[in-house]
Amino acid sequence: MLNLNDSGLLKQQAYMNGQFTGHPCLPVINPANGQRIAAVPDFGARETETAVEAAGAAFRPWASRTAKDRGSVLRHWFELIMANREDLATILTAEQGKPYAEALGEIDYAASYVEYYAEEAKRISGEILPAHRADARITVFRQPIGVVAAITPWNFPAAMITRKIAPALAAGCTVVVKPAPETPLTALALVELAHRAGFPVGGINVLTGNAVEIGRVLTSHPKVRLVGFTGSTAVGKLLMAQSATTVKKVALELGGNAPFIVFDDADLDAAVEGAMASKFRNMGQTCVCTNRIYAQAGIHDRFVDRLAREVARLSVGDGFEKDVTQGPLITENAVLKVEDHIADALAKGARVVVGGQRHSLGRTFFQPTLMTGATGDMTLAREETFGPVAAVFRFGTEDEVIAAANETETGLAAYVYTRDLGRVFRVMEQLEYGMVGVNTGIISTELAPFGGVKQSGNSREGSRHGIDEFTELKYGCIAGL
Ligand code: ADP
């Protein structure tokens, strides 16, 4: 049993129409020990239709409330999340594996979106434009788009949900959420707090169960007007195709393959610290995690030496244990992928400097790994490893590294370390990425627009831009004045 202050936060039922419902039958497993934590219902098409109808019925009344009123319900939800952050982090670590301190960080980060959009609700403004005739006025309204579906992944079980639904709710939309099957409990705890915060019946619905069936209804039901998705590029493309038949807006946050470029003039200590943070956070399982480290020839060896020292110091174990910095990977399949990438790189000439093997703790645990001699033909250069493997590529010139960094179908986050201001602008402008961290390995904040280009996605989450997805412009021409 989980050690919670409020056992009412461990929910084993889905939530729709203002009620927890369904028979718990799909087990939720703790990736650190393989043990069952709880179970959730196996819902399909029929329940999804009910949830969409509930959200549809709640939409107009919610949208008609004042922005201040919607904002105050969101604010109350934010306060309840913060008041229960330890319990939420406990549930999160139990089902997802990340170290408890990181889980607390994620809850704060998730809550920051709720706080931000509680404030932002009041700033969704229209405009009056100069008209094309003297007796007319052009008015532009920004109205909520309608029912929003959110399909979310397991790597940030709390933040990926609030980042989508807080701006949607602030704008006046109602939502149906389908969390990842690995991590439904955090979502259900969050919605329990939303229930207590006073969202209207049908305003938020959370479904667990058959992803394909739920996804099919969410992408084809005429009442759903936007499908928001964070996850793999393959599933994102499928949902986009399915949504085409009813011309829904689709907001996608897909995979990345982040380059981390260290130039000869970089502050090496800062670069090592940034590389560690951006590579090994969440055991390398984030879409903005560094996947390819490019070190310029002049500092390559010194950088690798210092990085090796830091990688060797990482402490692997159950995320609830004190001082553990690396938890388990989410599943044994994730470990197999890491092993594949390492074997392929070794066969093509790379070298392991630290780690490289399964951890003695077994099953889902893998040693934090550092490799050198990586080249563009290796699988780990082309695909996200999504695990604790730092692969270092050696490069010569600025032009060469920009070309290598852009040699991918994805374009989410990139990182650059240099102290040359001219180079900062040259490189930032040429990198085909939605986000660039300069002299920092951590860029996520509710205050900035998060998102990618190319096959990494088509939307932005966070900042005032994050609310645009959930509103539509209505042009009203008022003539005869
Ligand atoms: P990952 O490989 O990280 O699990 P996925 O893209 O498979 O990434 O999963 C992200 C989310 O998409 C999860 O909530 C998952 O259940 C959901 N999902 C996967 N396949 C489908 C599908 N065919 N239709 C709808 N949702 C899906």
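Keep in mind that this is a model prediction, so the values were computed, not measured.

### Notes on the overall build of the protein chain
Working step 1: Counting its secondary structure elements, the protein chain contains 14 helices and 21 strands.
Working step 2: Its C-alpha atoms give the protein chain a radius of gyration of 23 Å, within 12% of the compact-globule value 23 Å for 481 residues.
Working step 3: Seen through its principal axes, the protein chain has C-alpha atoms that stretch 70 × 65 × 40 Å.
Working step 4: Going through the 481 residues of the protein chain one by one, you find that 57% of them count as buried.
Working step 5: Here the analysis covers contacts within the protein chain between residues at least 6 apart in sequence; of these, 72% occur between residues at least 24 apart.
Working step 6: Surface exposure of the protein chain reaches about 18900 Å², of which carbon and sulfur atoms provide 52%.
Working step 7: Here the protein chain holds 47 positive side-chain charges and 53 negative ones, and the gap between their average locations is 5 Å.

### Looking at the site of the ligand
Working step 1: Around the ligand sit 17 residues in total, of which T152, K178, A211, F229 and S232 are the nearest.
Working step 2: Contact distances for the ligand include 3.4 Å between a nitrogen atom and a backbone N or O atom of A211.
Working step 3: S232 is positioned with one of its side-chain polar atoms (N or O) 2.6 Å from an oxygen atom of the ligand.
Working step 4: Bound to the protein, the ligand loses 78% of the 550 Å² it would expose on its own.
Working step 5: Broken down by secondary-structure element, the contributors of at least two residues to the shell around the ligand are α7 (211-220), β10 (224-230) and α8 (233-244).

### Considerations on the UniProt feature "domain: Aldehyde dehydrogenase" (unreviewed entry) in the protein chain
Working step 1: According to UniProt, the feature "domain: Aldehyde dehydrogenase" (unreviewed entry) maps to residues 26-474 in the numbering used here.
Working step 2: What you have in residues 26-474 is 41% helix and 20% strand, and the ends, taken at the C-alpha atoms, are 44 Å apart.

### A short note on unusual backbone geometry
Working step 1: Look at D323: it is not a glycine, yet its phi comes out positive at around 70°.
Working step 2: Its place among the elements puts D323 in the loop between α10 (300-313) and α11 (332-347).
Working step 3: Judged by relative accessible area, which is 59%, D323 ranks as exposed.

### Some details on the side chain of K164
Working step 1: Residue placement: K164 occurs in helix α5 (residues 159-171).
Working step 2: Among the residues examined, K164 registers a relative accessible area of 3% and is labelled buried.
Working step 3: Separated by 2.6 Å, the side chains of K164 and E461 make a polar contact.
Working step 4: Non-local contacts of K164, meaning those with residues more than four positions away in its chain, are made with A150, I151, T152, G228, F229, T230, E253, E461 and F470.

### Details of a nonpolar patch on the surface
Working step 1: A grouping of L421, F425 and M428 is seen on the molecular surface, where their side chains present a nonpolar patch of about 300 Å² in accessible area.
Working step 2: Here L421 lies in helix α14 (residues 421-430).

### Quick notes on the sheet that holds strand β5 (residues 127-129)
Working step 1: Taken in spatial order, the 3 strands make up an open sheet running β5-β6-β21, and their pairing is antiparallel. Because the sheet does not close on itself, it has two edges, and the strands there are β5 and β21 (471-478). Averaged over neighbouring strand pairs, the angle between their axes works out to 25° when direction is ignored.
Working step 2: Pairing of β5 with strand β6 (residues 137-144) involves 3 bridges; the strand directions are antiparallel. The partner of L129 across the bridge, within β6, is I138.

Thresholds, definitions, all that
Residues numbered from 1 in each chain as written. Predicted model: local features only at pLDDT ≥ 70, side-chain atom pairs only at ≥ 80, totals over all residues. Heavy atoms only, no water. Helix = DSSP H or I, 4+ residues; strand = E, 2+ residues; numbered from the N terminus. Rg over C-alpha atoms; globule rule 2.2 N^0.38 Å. Buried < 20%, exposed > 50% of the residue type's maximum accessible area, 1.4 Å probe, protein only. Contact = heavy atoms within 4.5 Å. Areas by Shrake-Rupley, 256 points an atom, 1.4 Å probe, with all protein chains shown as cover. Lys, Arg positive; Asp, Glu negative; His and termini not counted. Charge placed at Lys NZ, Arg CZ, Asp CG, Glu CD. Near = heavy atom within 4 Å. Polar contact = N/O pair within 3.5 Å; in protein donor to acceptor, adjacent residues only side chain to side chain. UniProt positions renumbered as here; feature names shortened; annotations may be inferred. Patch = residues over 30% accessible without salt bridge, like charges linked within 9 Å, V, L, I, M, F, W, Y side chains within 5 Å. Salt bridge = Lys/Arg side-chain N within 4 Å of Asp/Glu carboxyl O. Pairing = 2+ DSSP bridges. Axes fitted to C-alpha atoms, helices over the stretch in contact; angles between N-to-C directions.

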